[in-house]
Amino acid sequence: MLKFFTRMRILLWVLALVGVGVLVATQVRAKLAQAAANLRSLETQTVDTYPVETEKLKTSNWETWRSYYGQAKSAHTQNITTFEREIVKSVAVDVGSPVRAGQTLITLQVAARGAQVQSGKSSYEEAKLNYNRLKQLNAKGGISQSEVDSAYARMKTAEATLRSSQSTLQRTSLKASINGIVAARNVEPGEIAEAGVPLLSIVDPKEMEAELMVSKKDIIKINKSTPVEIYVDGVKHIGWVKRLSPEAQSGSGLYPVVVGLPEDS
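How each quantity is defined
Residues numbered from 1 in each chain as written. Predicted model: local features only at pLDDT ≥ 70, side-chain atom pairs only at ≥ 80, totals over all residues. Heavy atoms only, no water. Pairing = 2+ DSSP bridges. Helix = DSSP H or I, 4+ residues; strand = E, 2+ residues; numbered from the N terminus. Axes fitted to C-alpha atoms, helices over the stretch in contact; angles between N-to-C directions. Buried < 20%, exposed > 50% of the residue type's maximum accessible area, 1.4 Å probe, protein only. Contact = heavy atoms within 4.5 Å.

1. Regarding the sheet that holds strand 12 (residues 235-244)
- Taken in spatial order, the five strands line up as 1-10-13-12-11 in an open sheet, and their pairing is antiparallel. Lying at the two open borders of the sheet, with one neighbouring strand each, are strand 1 (70-74) and strand 11 (228-232). Between one strand and the next, the sheet's axes are offset by a mean angle of 40°, whatever the strand orientation.
- Sheet topology places strand 1 next to strand 10 (residues 208-214); five bridges connect them, and they run antiparallel. Across the sheet, the residue bridging to Ala72 is Ala210, located in strand 10.

2. Observations regarding the sheet that holds strand 2 (residues 77-80)
- The strand order across the open sheet formed by four strands is 2-9-7-4, and the pairing between neighbours is antiparallel. Both outer strands of the open sheet, strand 2 and strand 4 (98-99), are each paired with one neighbouring strand and no more.
- Pairing between strand 7 (residues 180-185) and strand 9 (residues 200-203): four bridges, direction antiparallel. In the sheet register, Val182 faces strand 9, and the bridge partner there is Ile202.

3. Describing the environment of Glu86
- Here Glu86 is to be found in strand 3 (residues 86-91).
- For the pair Glu86 and Ala193, spaced 107 residues apart in the sequence, the C-alpha separation amounts to 5.3 Å.

4. Quick notes on the environment of Leu254
- Mapping Leu254 onto the fold places it in the loop between strand 12 and strand 13 (255-261).
- On the basis of relative accessibility, which here comes to 28%, the residue Leu254 falls in the partly exposed class.
- Residues Leu254 and Asp218, spaced 36 residues apart in sequence, show a C-alpha to C-alpha distance of 9.9 Å.
- For Leu254, the contacting residues outside a window of four places in its chain are Met213, Val214, Ser215, Ala248 and Gln249.

Here is the structure:
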């Protein structure tokens, strides 16, 4: 009898657990059905739309620019000077005058130099006649060969002196060696031109350049392929690196960089 009641109690507990499980499952299905219904209701509602524009991004290198100031100058210049101290006879050009290679720009006085050339000619002709005379005497056995050789040496010395005087005379006409424009005139007719002192300055405007002074930290980043923008009176021009110095300028510690300028700048 006791076993019977025990079995009945276990059966009742099992039935109770089954009932609770069925109840929980029923509630879960009900909630899932309600959630599905809510989702369908949201899908049927009107959704506001907004236009969207897309753009494809492209990779690019990061560029760092530096600004420097420089002075434009001609890449080709000529300073007209004289080799000896002389009086200026005439000056054929003024500042701004166009000149061509080979054109005479300054004429120096030639009186003293002309006299030197005439004296040299006379000495050379005399030495030449003396050499020929002694050469004929030597052929006849009248004098030794050493006397002929000495006469020949004197003749060659006189010839060299004559050529030097003629060369000096030609230098009284100072000429341009490049095509360009007169940028400076430092002498007037009647004044004394000192040897080595610039009398005229000629520049060729077709090839201009600018020299910039660059710091040590920037010079290592610059080469001939470095892009350069030049601003002249507010107008941008494209330049290029022509050359750069491997040594810093004494005193400033800056490195000179020469930049080429376009012809229209």
